[in-house]
Amino acid sequence: MKKNLYLPLLASLLFFFSSNLDAQKEKFKYADLMSFGSGPQITKPGLDIISWVDDKNYLVSKPVNSSNAKSIIKVNAETNQEEVLIDADAFKLLTKEKFALNQVLDKTGDYNIFLFQKDNDIFYLNRSEKNFKQLTDDKLEKKNPMLSPDGKKIAYTKSNNLFVFQIEDMREEQVTFDGSETILNGYASWVYYEEILGRASRYRAFYWSHDSRKIAFMRFDETNVPLFPLTIFDEVHPEIEWQRYPKAGDPNPSVKIAVYHTEENKTVWLDTDEESNNYLAWVYWSPDDSKLLYQWINRGWNNLKIFSADPFTGKSTEIYDEKQNTWVMFFDDIYFLKDHSGLIIRSSKDNFYNLYYYDYEGKLISKLTDNDFNVDGLDYIDEAKGELYFHAHGMPTWDKHFYKIKLDGSNQTKLTNESATHDCKVSLSGSYIIDRFSSAASPAKVVLLDGSGNFLRLLDDTEGKDFDNYDLGRTEMFTMKNDTGLDLPVKWILPSDFDSTKKYPVLFSVYAGPEVKEVRNQFAFAKSGFYFANNDIIYVNCDTRASIHFGKHIFGQIHKNLGRYEIDDLISLGKRIKQLPFIDPGKIGIAGGSYGGYAVLMALARGEGTFNFGISEFPVTDWRLYDNAYTERFMDKPDENAEGYSFGSVISHLNNYESGLLIIHGTMDDNVHMQNTIQIVDWLTDNNKDFELMLYPNSRHGIGFPKMHHSQRMKMKFWFNNLLNKNFDPLTD
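Residues numbered from 1 in each chain as written. Predicted model: local features only at pLDDT ≥ 70, side-chain atom pairs only at ≥ 80, totals over all residues. Heavy atoms only, no water.

(A) Quick look at the overall build of the protein. Counting its regular elements, the protein contains 12 helices and 43 strands. The globule rule puts the C-alpha radius of gyration for 733 residues at 27 Å, and the 27 Å found for the protein is close to it. Dimensions of the protein, computed from C-alpha atoms along their principal axes, come out at roughly 80 × 60 × 60 Å. For the protein, buried positions account for 58% of its 733 residues. When contacts within the protein are restricted to residue pairs at least 6 apart in sequence, long-range pairs at least 24 apart make up 57% of them. Of the roughly 30,200 Å² of accessible surface on the protein, a fraction of 47% belongs to carbon and sulfur atoms. (Helix = DSSP H or I, 4+ residues; strand = E, 2+ residues; numbered from the N terminus. Rg over C-alpha atoms; globule rule 2.2 N^0.38 Å. Buried < 20%, exposed > 50% of the residue type's maximum accessible area, 1.4 Å probe, protein only. Contact = heavy atoms within 4.5 Å. Areas by Shrake-Rupley, 256 points an atom, 1.4 Å probe, with all protein chains shown as cover.)

See below:
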């Protein structure tokens, strides 16, 4: 982490800006923000790198002919020679339905067999055999069609039952028969999808074995999960969409895990703990398919176990047990060594997230990394060489770098050098690395490195043709101390013609949720920060002690205390920036959505006037109203932490709120229910407090198209009016 810059900050900025003024450049217009690709080309789409094929060849997706459809190209890293693996136009002609490569639902690893879907039915293409055919013909919705590794079978869910389709025999096998509105087989309940398996799962909860002869699946029973109504107001008589949504303290779905043996047509249930008071998730097959591993976390979220189950008998054996005083997280990137010596996990049990090597009996072989910064993810293991590759957050923690280390924990080496955010892919024996990286000041570049991190060649540069013509303001990254003396990361964009004798308004863009970081040394995808700086508004991102910049001893302080310490930090940073001589102390704005929307409300209510104006989008307002898996992880159940829930409720602090608030929410938000906003509106109107409100009919979590245009314009009018004392004109501003 860089040293604290607060004390010398003003002097250094005055020197920097007085000696580095840009020549006159174009300033962003509001129309540029809303152009979505048709406006100024500050950046351009980068090289779409798919994966490494082996140690010398990698795949990219790009057009090779006039149609502009993307083909699959194999590139030799050593010679830079290209070979068309799949021509997009020729591929389309292989399918009678004219399916394109970008319509592929699933494929085998050798890019030979592909799945497509149309009108809820599944279509199949074997490229080498030029065999295209329709597999199903019942028009019932089939969710998450997935090929077996050998490409001979497909699994999917239909009517909340699991099915396996034998392609050669053109035969559908029904695996489960009890699917209903409350029984889900191979398809996750909402709370598991949102908070445990992740949105990338698309609700899929079934897993093929490597040999394609077995498929593990999870069964969810939501009978005891309370229903929540979402109202659609389109018709004369409103329609109710019912959602199974467990709020804090509510029962969870009960979960079981089974293995279906495709050749024997037999289902084996594991002897798991299926009580709704606990969680089961993250199923993995061992490399030889002899074991099925799954994870268990207790309802209190402070004890994680890994079990190894026999897929033929269902007998489970505990192989790992971790307890923490705060919370634990499921391991979503376990690596199982192919030599059967053990597994590698990433845990925060010793403060920072580090990598640990365990055998299958639960004995620690070695702590692979021992860093005072967080390992971001385990990327690749070259077992032949005994080398492991990973990304990590430091140092400074707003950077992200790529490392390798020996499996005995020796010779940790940082393979990337530029101060930036790096995203690397290593070849299959470690001879080459493709590194995509950007910094706050520079758009992404893609370079080829050798296995030691030495530069070989530039593969791509995403800097657009208009990059040098537009005013991007001045981005600075530094730290400021909170009231406890902890250095907190800050990034801001200032006007390029910064004048220390002027008074500037400030807009904080915040999230502030646990284990998330907003301050990254990475080029901004959105142009909004540049636009605000062009209009003489200093645009600020900051992170609190809740963020992943720190170790568990720091970010774990928020345990049982959501709404306390991270909000203390936002207020502390607001006060410090407000005291700078070039800041207008009456024009401090704050904006955020979801957890960020909650942070906005709490900062306005608890900040004693630190923030003058705020936009809170789809906010949580009381943790008793949010889902239990997320909330109880950090807060425990309401009856176990009554004081924490009371303090964390926005209403508990609204007596101190004066005015300056705009709340935005979608009426069909199925993540943070509009109920949260309605309860705040009820209190504010009962207590005669000024505020503004905008509800977007039928919008879910986040305001999407086409209503986004109205929402963005409304927010900009709010900021121009309150921070610049001027009316906003979307045609000229």
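There is more to say after this.
(B) The pairing of strand E40 (residues 583–593), seen in detail. E40 sits mainly inside the fold: 8 of its 11 residues count as buried. One ladder, built from 5 bridges, connects strand E38 (residues 504–509) with E40; its direction is parallel. Bridging across to E40, Tyr-504 finds its partner in Ile-583. The pairing of E40 with strand E41 (residues 613–617) spans 5 bridges and is parallel. Bridge pairing in E41 places Ile-590 opposite Gly-614. Handedness of the crossover joining E40 and E41 through helix H8 (residues 595–606) is recorded here as right-handed. (Pairing = 2+ DSSP bridges. Right-handed = clockwise from strand over helix to strand, strands pointing away.)

(C) Seen up close, a nonpolar patch on the surface. A surface patch of nonpolar side chains, amounting to about 310 Å² of accessible area, comprises Leu-227, Ile-240 and Trp-242. Taking relative accessible area as the criterion, Trp-242 reaches 53% and is therefore assigned exposed. (Patch = residues over 30% accessible without salt bridge, like charges linked within 9 Å, V, L, I, M, F, W, Y side chains within 5 Å. Salt bridge = Lys/Arg side-chain N within 4 Å of Asp/Glu carboxyl O.)

(D) A look at the sheet that holds strand E36 (residues 474–481). Strand order in the open sheet formed by 8 strands is E36-E37-E39-E38-E40-E41-E42-E43, with mixed pairing between adjacent strands. This sheet does not close on itself; its edge strands, each paired only once, are E36 and strand E43 (692–696). Strand-to-strand twist in this sheet, taken as the mean axis angle between neighbours without regard to direction, amounts to 20 degrees. Here E36 pairs with strand E37 (residues 487–494) via 8 bridges, running antiparallel. Bridge pairing in E37 places Lys-481 opposite Asp-487. The strands that helix H12 (residues 707–723) touches are E38, E40, E41, strand E42 (661–666) and E43; relative to E41, the one it contacts most, it runs at about 165 degrees. (Axes fitted to C-alpha atoms, helices over the stretch in contact; angles between N-to-C directions.)

(E) Up close: the confidence of the model for the protein. Confidence in the prediction of the protein, expressed as mean pLDDT, is 94, and 97% of residues score 70 or more. Every residue in residues 1–21 is under pLDDT 50, and counting partners more than four places away or in other chains gives 43 contacts. (pLDDT = per-residue confidence, 0-100.)

(F) Highlighting the nonpolar core. By size, the foremost hydrophobic cluster in this structure holds 113 residues, and its most contacted members are Tyr-192, Ile-306, Phe-508 and Trp-623. Element by element, the count of residues in this core is highest for H8, at 9 residues. Discounting residues that sit within four places of it in the chain, Trp-623 has contacts with Ala-248, Leu-562, Tyr-595, Tyr-598, Tyr-630, Thr-631, Met-635, Tyr-645 and Gly-648. Grouped together as the second largest cluster of nonpolar side chains are 32 residues, Tyr-30, Ile-42, Phe-467 and Leu-472 included. (Core = buried A, V, L, I, M, F, W, Y, C linked by side-chain atoms within 4.5 Å.)

(G) The arrangement of empty space enclosed by the protein in detail. Following the criterion strictly, the structure yields 1 cavity of 30 Å³ or more and no others. Roughly 30 Å³ of volume is contained in the largest cavity. Contributing to the lining of the largest cavity are Lys-27, Asp-471, Pro-495, Ser-496, Asp-497, Ala-533, Asn-534 and Asp-536. Residue composition of the lining of the largest cavity, by class: 2 nonpolar, 2 polar and 4 charged. (1 Å grid on protein atoms, 1.4 Å probe; cavity = no way out; pocket = protein on both sides within 12 Å on 5 of 7 lines; lining within 4 Å. Points joined across faces, edges and corners; volume = space filled by probe spheres on them. Nonpolar A, V, L, I, M, F, W, Y, C, P; charged D, E, K, R; others polar.)

(H) Quick peek at the layout of surface pockets. When its volume is computed, the second largest pocket comes out at roughly 1,200 Å³. Among the secondary structure elements, those contributing two or more residues to the lining of the second largest pocket are helix H4 (190–197), strand E25 (343–347), strand E28 (375–382) and helix H9 (628–635). Considering each element in turn, the lining of the second largest pocket owes the most residues, 4 residues, to H4. Here the residues of the lining of the second largest pocket are counted per class, giving 20 nonpolar, 12 polar and 13 charged.

(I) Layout of the pattern of salt bridges. In this structure the tally under the stated criterion is 43 salt bridges. For Asp-138, the salt bridge goes to Lys-158, with nearest N and O atoms at 2.7 Å. One end of the pair, Asp-138, is in the loop between strand E8 (131–134) and strand E9 (143–147); the other, Lys-158, is in strand E10 (residues 153–158), with 20 residues separating them in the sequence. Within the structure, one salt-bridge network assembled from shared partners comprises Asp-121, Asp-137, Asp-138, Lys-139, Lys-142, Lys-158 and Glu-172.

(J) Fine view of the packing of aromatic side chains. Across all of its chains, the model carries 52 aromatic pairs by this definition. Geometrically, the ring pair formed by Trp-301 and Phe-330 is edge-to-face, given 5.9 Å between the ring centres and 85 degrees between the ring planes. Placement of Trp-301 in the loop between strand E21 (292–298) and strand E22 (303–309) and of Phe-330 in the loop between strand E23 (316–323) and strand E24 (335–336) is noted, with a sequence separation of 29 residues between them. Like Trp-301, the residue Phe-330 is buried in the burial classification. A centroid spacing of 6.3 Å and a plane angle of 35 degrees characterise the contact between Tyr-380 and Tyr-389, whose relative ring orientation is tilted. Since its relative accessible area comes to 0%, Tyr-389 is described here as buried. Among the aromatic side chains, those forming a connected cluster through ring pairs are Trp-327, Tyr-511, Phe-555, Tyr-595, Tyr-598, Trp-623, Tyr-626, Tyr-630 and Phe-634. Just above the ring of Tyr-187 sits the side chain of Lys-143; from NZ or CZ to the centre is 4.3 Å. (Phe/Tyr/Trp six-rings, centres within 6.5 Å; stacked < 30°, edge-to-face > 60°. Lys NZ or Arg CZ within 6 Å of the ring centre and 35° of its normal.)

(K) Quick peek at unusual backbone geometry. A cis amide bond links Gly-394 with the next residue in sequence, Met-395, at an omega value of -20 degrees. Looking at where Met-395 falls in the secondary structure, it is placed in the loop between strand E29 (387–392) and strand E30 (401–406). Located in the positive-phi region is Tyr-111, a residue other than glycine, with phi close to 60 degrees. Within the secondary structure, Tyr-111 is located in the loop between strand E5 (106–107) and strand E6 (113–118). Although it is not a glycine, Asp-119 sits at a positive phi angle of roughly 50 degrees. In this fold, Asp-119 is placed in the loop between E6 and strand E7 (121–126). Residue classification places Asp-119 among the exposed positions, given a relative accessible area of 53%.

(L) How the structure looks around the sheet that holds strand E4 (residues 82–86). Here 4 strands make up an open sheet; going across it, the order is E1-E2-E3-E4 and the pairing antiparallel. Because the sheet does not close on itself, it has two edges, and the strands there are strand E1 (48–52) and E4. Neighbour-to-neighbour, the strand axes of the sheet open up by a mean angle of 35 degrees, direction not taken into account. Sheet topology places strand E2 (residues 57–63) next to strand E3 (residues 70–76); 7 bridges connect them, and they run antiparallel. Residue pairing in the sheet places Pro-63 in a bridge with Lys-70 of E3.

(M) Geometry of the environment of Ala-441. Its location among the elements puts Ala-441 in the loop between strand E33 (432–438) and strand E34 (445–450). Along the backbone, Ala-441 and Asn-687 are 246 residues apart, and their C-alpha atoms lie at a distance of 47 Å. Excluding anything up to four places from it in sequence, Ala-441 contacts Phe-467 and Phe-523.

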